[in-house]
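A structural walkthrough
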Amino acid sequence: MNNIREECLDNGLKILLKSVRTAPVATFWVWYRVGSRNEVPGITGVSHWVEHMMFKGTPTLGKGEIMRLVNRNGGSDNAFTWTDFTAYYETLPSDRIDLALRIEADRMVNSLFDPTEVASERTVIISEREGAENEPRFWLAEEVGAAAYKVHPYHHDTIGWKTDLETMTRDDLYHHYKTFYAPNNAVIVAVGDFDADEMLQKIADAFGNLPRGKDAPSVTMVEPPQEGERRVLLRRPGATSYFLAAYHGPRATDPDFLPAFVMAGVLAGVGGMSFSGHSSPGRSSRLYRALVETGLATDVDCGFRATIDPGTIDLSATVRPGVPIRKVEAAIFAELDKIAHKPISESELATVIKQVKSQFVYATDGVMNMGYWLGMLEIVASYQMYETFLDNLMQVTKADVQRVAQKYLIATNRTVGWFEPANGKPGRGR
């Protein structure tokens, strides 16, 4: 349907190819099945740190040379780490895309992890975390996530606990790299102006001789059902109060995923779905009208993402200065109660589906966005979800939305977090 070709080399490397010959450009991604989900206490943040080290050189590509080569050839490159994956990409003129294959095949197995570079990067990583700590919402999300997950490694943020970043060793990093970076734990996605047969042969030439690694350790920890509401109260310097409630939700492969996706759209609108991720404030949504238009909050959102294991449905708001945070909480919970006990309207369902269809078109425009979507979906579920996403979304009913609201948006399934400014001025009490 979408002309996506799936192949697998003998060493276990999975390949997804999509030829798009509308412009002389191509994008090349390598997705590794490793993120903070695969970490254990003591080395939290190691996946993200390894990502940084992948730019520090191999025996044939010196430190900083990857970016210089890509830029010199008119392209761009980057990488990112999340709970479920780590991804690297280059986008180049299509007649230069061989450079991306050379870079990624080399650093899949040959990255050096020089001790001096590890020590230097420790400062960079800790500074990155300290930069995030200037944002109250980072602290609140970290505390709420740690309270919501007692067992599963979604407990900790991708950046890792600061104490682990201070004590992790070069051997910890290298062991993580050698454990998870191998052809049989990776997915290549190439999209753009190329002949699929020729690209497949190039990939086989560049990656086919790389040795298959040992099977990566499985994540066996399962978060037990939450038996009661959990609460976090955080007081730190800040300009205003923030609210966050995390409800355990369905994983990407669960039949409840799309109904929950629509439910989040009714509550807060459909945000940007593209790789660049521009979002809209959802002014026609229920939460915007109940909180922003009434002057209780300056913004409100309902975040829900596709994850390998059950993630969370996150209701968040920035409390307008002078408004007690309990009023914001009460207004949000009132809206959740409504959607659980009364079916949404036909027009609300139609609006959300229209918004999703529009965002999906934007999100898959251009080779980079398409490369992102195919790789991300393949890691958390299957790339085939890309082909069926809109058709399956159209099958969601009002009853489905009410059912998932009643199932997931209940008090015993949530962790509530309040951030209050330590200077205490804007809150006027709770």
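Scroll up a little and you will see the structure.
An account of the accompanying structure is given in this report. (Residues numbered from 1 in each chain as written. Predicted model: local features only at pLDDT ≥ 70, side-chain atom pairs only at ≥ 80, totals over all residues. Heavy atoms only, no water.)

1. Description of the overall build of the chain
A count of helical and extended segments in the chain gives 15 helices and 11 strands. Compactness check: the chain gives a C-alpha radius of gyration of 23 Å against a globular reference of 22 Å for 430 residues, within 12% of the reference. Across its three principal directions, the C-alpha atoms of the chain cover 60 × 50 × 40 Å. For the chain, the residues scored as buried account for 57% of the 430 residues in total. For the chain, long-range pairs separated by at least 24 residues make up 80% of all intrachain contacts whose partners lie at least 6 apart in sequence. With an accessible surface of roughly 18,400 Å², the chain has 51% of that area assigned to carbon and sulfur atoms. Taken together, the 46 basic and 54 acidic charged side chains of the chain have centroids lying 7 Å from each other. (Helix = DSSP H or I, 4+ residues; strand = E, 2+ residues; numbered from the N terminus. Rg over C-alpha atoms; globule rule 2.2 N^0.38 Å. Buried < 20%, exposed > 50% of the residue type's maximum accessible area, 1.4 Å probe, protein only. Contact = heavy atoms within 4.5 Å. Areas by Shrake-Rupley, 256 points an atom, 1.4 Å probe, with all protein chains shown as cover. Lys, Arg positive; Asp, Glu negative; His and termini not counted. Charge placed at Lys NZ, Arg CZ, Asp CG, Glu CD.)

2. Things to note about the packing of aromatic side chains
Scanning all chains against the criterion turns up 30 aromatic pairs. Aromatic side chains Phe-80 and Tyr-372 sit 6.3 Å apart centroid to centroid with 55° between the ring planes, which places their arrangement in the tilted category. Taken together, the residues span a long stretch of sequence, with Phe-80 in strand β4 (residues 76-81) and Tyr-372 in helix α13 (residues 367-380) at a distance of 292 residues. Comparing Phe-80 with Tyr-372 shows no difference in burial state: the two are buried. On the basis of an interplanar angle of 85° and a centroid distance of 5.8 Å, the ring pair of Phe-261 and Phe-389 is categorised as edge-to-face. In this pair, Phe-261 is assigned in helix α9 (residues 257-268) and Phe-389 in helix α14 (residues 384-393), connecting sequence segments 128 residues apart. (Phe/Tyr/Trp six-rings, centres within 6.5 Å; stacked < 30°, edge-to-face > 60°.)

3. Some remarks on the packing of α9 against helix α15 (residues 398-408)
Helix packing geometry: the angle between the two helix axes and the distance between the axes. Interhelical geometry of α9 versus α15 gives an angle of 90° and a closest axis separation of 8 Å. Comparing the axis directions of α9 and α15 gives the class roughly perpendicular. From α9, Pro-259, Ala-260, Val-262 and Met-263 reach across to α15, where they touch Asp-400, Val-401, Arg-403, Val-404 and Ala-405. In the contact of α9 with α15, the residues fall into 7 nonpolar, no polar and 2 charged. (Axes fitted to C-alpha atoms, helices over the stretch in contact; angles between N-to-C directions. Parallel < 35°, antiparallel > 145°, perpendicular 65-115°, else oblique. Nonpolar A, V, L, I, M, F, W, Y, C, P; charged D, E, K, R; others polar.)

4. A word on helix α2 (residues 65-72)
Every buried residue belonging to α2 is among Ile-66, Leu-69 and Val-70, and all of these are buried. Seen from one end, α2 has its buried residues packed into an arc of 95°, which puts them on one side. Contacts from the buried residues of α2 go to β4, β5 (86-93) and α3 (98-110). The first or second residue beyond α2 is Gly-74, which carries a positive phi of 80°. (Arc of directions from axis to C-beta.)

5. With respect to the pairing of β5
The element β5 is largely enclosed, with a buried count of 7 among its 8 residues. The sheet contact formed by β4 and β5 spans 6 bridges and is antiparallel. Residue pairing for β5: Asp-77 is matched across the bridge by Glu-90. (Pairing = 2+ DSSP bridges.)

6. Regarding the side chain of Gln-226
Turning to its location among the elements, Gln-226 is positioned in the loop between α8 (196-207) and β7 (230-236). At 3.0 Å, the side chain of Gln-226 and the side chain of His-248 are in polar contact. One polar contact links the side chain of Gln-226 to the main-chain carbonyl oxygen of Arg-414, over a distance of 2.7 Å. (Polar contact = N/O pair within 3.5 Å; in protein donor to acceptor, adjacent residues only side chain to side chain.)

7. Some thoughts on unusual backbone geometry
The residue Phe-113 is not glycine, and still its phi comes out positive at about 55°. On the secondary structure map, Phe-113 appears in the loop between α3 and α4 (115-132). Since its relative accessible area comes to 1%, Phe-113 is described here as buried.

8. A look at the packing of α2 against α3
The N-to-C vectors of α2 and α3 enclose an angle of 170°; their axes lie 11 Å apart at closest approach. In terms of their interaxial angle, α2 and α3 are classed as roughly antiparallel. Taking contact as the criterion, the partners of Ile-66, Leu-69 and Val-70 in α2 are, on α3, Leu-99, Arg-102, Ile-103 and Arg-107. Looking at side-chain class alone, the contact of α2 with α3 contains 5 nonpolar, no polar and 2 charged residues.

9. Remarks on the pattern of salt bridges
Under the defined criterion, the tally for this structure stands at 30 salt bridges. With its nearest N and O atoms 3.9 Å apart, the salt bridge here joins Arg-96 to Asp-95. Here Arg-129 and Glu-142 are joined by a salt bridge, their closest N and O atoms 2.8 Å apart. Here Glu-142 lies in helix α5 (residues 136-148) and Arg-129 lies in helix α4, a separation of 13 residues in the sequence. Look at Arg-129 and you get buried, because its relative accessible area is 3%. Look at Glu-142 and you get buried, because its relative accessible area is 4%. A network of salt bridges, in which partner residues are shared, links Glu-6, Lys-14, Arg-33 and Glu-378. (Salt bridge = Lys/Arg side-chain N within 4 Å of Asp/Glu carboxyl O.)

10. Things to note about the sheet that holds strand β2 (residues 14-19)
Judged by pairing direction, the sheet is mixed, and its 6 strands sit side by side in the order β1-β2-β6-β3-β5-β4 without closing on themselves. Among the strands making up the open sheet, the edge pair consists of β1 (4-8) and β4. Neighbour-to-neighbour, the strand axes of this sheet turn through a mean angle of 15°, independent of strand direction. With 7 bridges connecting them, strand β3 (residues 25-32) and strand β6 (residues 186-192) associate as antiparallel partners. Residue pairing for β6: Ala-26 is matched across the bridge by Gly-192.

11. Considerations on the environment of Ala-422
With respect to the helices, strands and loops of the structure, Ala-422 is situated in the segment after β11 (414-421). With 368 residues separating them along the chain, Ala-422 and Met-54 place their C-alpha atoms 40 Å apart. Sequence-distant contacts of Ala-422, that is, excluding residues within four places in its chain, are made with Arg-235, Arg-236 and Pro-237.

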